[in-house]
Amino acid sequence: MSDNIAEQIKLLKRGTVEIFREDELAQRMTIAAKEGRQLRVKLGMDPTAPDIHLGHTVVLRKLRQFQDLGHKAVLIIGDYTARIGDPTGQNSTRPILDPDQIKSNAETYFAQAGKILDTSEDKCEIRYNGEWLAGMRLADVIKLTGSMTIAQMLERDTFEQRYKKGEPIGIHEFLYPLMQGYDSVMIKSDVELGGTDQTFNNLVGRDLQRQDGQPPQIVITMPILVGLDGKEKMSKSKNNYIGVTDEPKDMFGKAMSISDEMMENYYTLLTDLGEEKIAELIDPSKTHPKEAKVLLGKMIVKQFYNEATAELAATEFNNVFAQNKLPDDIPEVEIAAEPITAAKLLLHCKLVASGGDAKRMIKQSAASIDDEKIADPNAEINPADGMILRVGKRKFAKLKL
């Protein structure tokens, strides 16, 4: 292995959990370099939701590293597999999605992924697995299912747990790993990336390629990014996420809310800083934790906007939270000049998601009007021009009659 390939392997290993197998990756990269060809690096995305967050970008950033080394990203949009839904981590059968919703989600997902990836034609290939899965005959499906046994499927944690609990498992769910693995056969992938929760699915692709006479893909797994709560994986449903389309001030503010213990993980998975620099930043004897967190927040915002916007977000955060000043860009909300309950006022200004959410925030003393805490969600408020409403740390609104 040449020194150059060794350095590339070292870069690609950063932040990974496991490589199946590293010696094969080095060999594949060496041969590709000699032949002057790109490795085909696969990432499958089921468009089951329209938005992506920093948790998704961990794998996307690794894919971008391959692109920067001269290889091609092959994005598989699972328009067909999404109709089944990945059973990974699920304790019940997923609902089957509407094709129109899948198409809409895929378009949004790809646009957001483009904030990380090089989407030029020579570096990125987009494929929809409906190209080959939709036309399969029953005989083709039966042949594919013969590639694995029920015992092998039940080795998967999700299925094993549900089976032991007597919870139903749809036959179609067994097809999912086979369909995802078949994608690798059809696009002849050299490498497949995924989170640790995708290890089983990705290794199935490796087996199917071997059975098809292809060199089996190298599988690289990435850790699951812990959410802002420091407990569970980042997820919109758990409201512990930073979205790639979040406003800069929200993105920065959320980054500032993470614990000191989480900074090493975030720096490693979400930035390109070297190990020595990260060690310096997370060592409180060398860098104050707040200073390290401010730098992290700026780096995250800069990735999706620019340096000037990141600096502005940091300045505004300091003004609002450190010096207790109001933001410069508080959105104005028009309202009729007639009495309204506090809870309905917060909902009208879109500072909360629902009336129940409004009551909860008020009971937690997290809502105020002109810097005075709201004590009663049913309190009658007389709107006035310029009245400032605030919910939590980052949500503001200014009334305009």
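Preceding this section is the structure that the text describes.
Conventions we followed
Residues numbered from 1 in each chain as written. Predicted model: local features only at pLDDT ≥ 70, side-chain atom pairs only at ≥ 80, totals over all residues. Heavy atoms only, no water. Salt bridge = Lys/Arg side-chain N within 4 Å of Asp/Glu carboxyl O. Buried < 20%, exposed > 50% of the residue type's maximum accessible area, 1.4 Å probe, protein only. Helix = DSSP H or I, 4+ residues; strand = E, 2+ residues; numbered from the N terminus. Expected span 1.5 Å × (residues − 1). Contact = heavy atoms within 4.5 Å. Pairing = 2+ DSSP bridges. Axes fitted to C-alpha atoms, helices over the stretch in contact; angles between N-to-C directions. Core = buried A, V, L, I, M, F, W, Y, C linked by side-chain atoms within 4.5 Å. Lys, Arg positive; Asp, Glu negative; His and termini not counted. Polar contact = N/O pair within 3.5 Å; in protein donor to acceptor, adjacent residues only side chain to side chain.

Engineer: Can you break down the pattern of salt bridges residue by residue, with the values?
Structural biologist: Opposite charge on two side chains permits them to pair, given that their charged atoms come into close proximity. Summed over the entire model, instances satisfying the criterion amount to 22 salt bridges. The salt bridge involving Glu35 is made with Arg37; its shortest N-O contact spans 3.5 Å. Note on Arg37: relative accessible area 33%, which makes it partly exposed. Of the charged contacts, one joins Arg162 and Glu173 as a salt bridge, the two residues approaching to 2.9 Å between their closest N and O atoms. On the criterion of sequence distance, the pair formed by Arg162 in helix H8 (residues 157-164) and Glu173 in helix H9 (residues 171-187) is long-range, its members being 11 residues apart. As far as burial versus exposure is concerned, Arg162 and Glu173 are alike and both buried. Through salt bridges that share partners, Arg28, Glu35, Arg37 and Asp190 make up one connected network.

Engineer: Mind laying out helix H2 (residues 22-35), listing which residues take part and the relevant values?
Structural biologist: The terminal C-alpha atoms of H2, which comprises 14 residues, lie 20 Å apart, in line with the 20 Å expected from a rise of 1.5 Å per residue. Where H2 is concerned, the buried positions are Glu24, Leu25, Ala26, Arg28, Met29 and Ala32. Of the surrounding elements, those touching the buried residues of H2 are helix H1 (3-13), strand E1 (18-20), helix H3 (54-68), strand E5 (191-195), helix H10 (199-211) and strand E6 (218-222). Just downstream of H2 lies Gly36, where phi reads positive at about 70 degrees.

Engineer: Can you break down the sheet that holds E6 residue by residue, with the values?
Structural biologist: On the basis of which strands lie adjacent, the open sheet formed by 6 strands has the order E1-E6-E5-E2-E3-E4 and mixed pairing. Edge positions in the sheet fall to E1 and strand E4 (124-128), since each of these pairs with one other strand and no more. The mean inter-strand angle of the sheet, taken between neighbouring strand axes irrespective of direction, is 25 degrees. Pairing geometry for strand E3 (residues 72-77) and E4, over 5 bridges, is parallel. Within E4, the position partnered with Ile77 by the bridge is Tyr128.

Engineer: Before we move on, could you go through the environment of Tyr163 and cite the residues and values that matter?
Structural biologist: In this fold, Tyr163 is placed in helix H8. Every residue in contact with Tyr163, bar those within four places of it in the chain, is listed here: Leu154 and Ile169.

Engineer: Provide a residue-level description of the nonpolar core, including the pertinent values.
Structural biologist: Within the largest apolar cluster, 62 residues are counted, with the highest numbers of intra-cluster contacts made by Leu25, Leu54, Val191 and Tyr266. Top element by residues in this core is H3. It accounts for 6 residues. Other than its neighbours up to four places away in sequence, Tyr266 contacts Leu225, Val226, Gly227, Leu228, Met234, Ile258, Thr271 and Leu296. Core analysis: the next-biggest nonpolar cluster, separate from the first, contains 23 residues, Leu345, Leu351, Ala358 and Ala367 among them.

Engineer: Now, about the sheet that holds strand E13 (residues 395-400): what can you tell me, with residues and values included?
Structural biologist: Within the open sheet, the 5 strands sit side by side as E7-E13-E12-E9-E10. Their pairing is mixed. Of all strands in the sheet, those bounded by a partner on one side alone are strand E7 (332-334) and strand E10 (372-373). When strand E9 (residues 367-369) meets E10, the two strands line up antiparallel, connected through 2 bridges. Counted as the bridge partner of Ser368 is Lys373 from E10.

Engineer: Tell me about the side chain of Asp183, and please be specific about residues and values.
Structural biologist: Tracing the backbone shows Asp183 in helix H9. Here Asp183 occupies a buried position and makes no salt bridge, while the nearest side chain of opposite charge, Lys42, is found at 4.7 Å. A distance of 3.1 Å separates polar atoms of two side chains, one belonging to Asp183 and the other to Asn129.

Engineer: Describe the environment of Asp260, listing the residues and the values that go with them.
Structural biologist: Mapped onto the secondary structure, Asp260 falls in the loop between helix H11 (248-255) and helix H12 (263-270). Asp260 sits 156 residues away from Ser104 along the chain, and the two C-alpha atoms are 38 Å apart.

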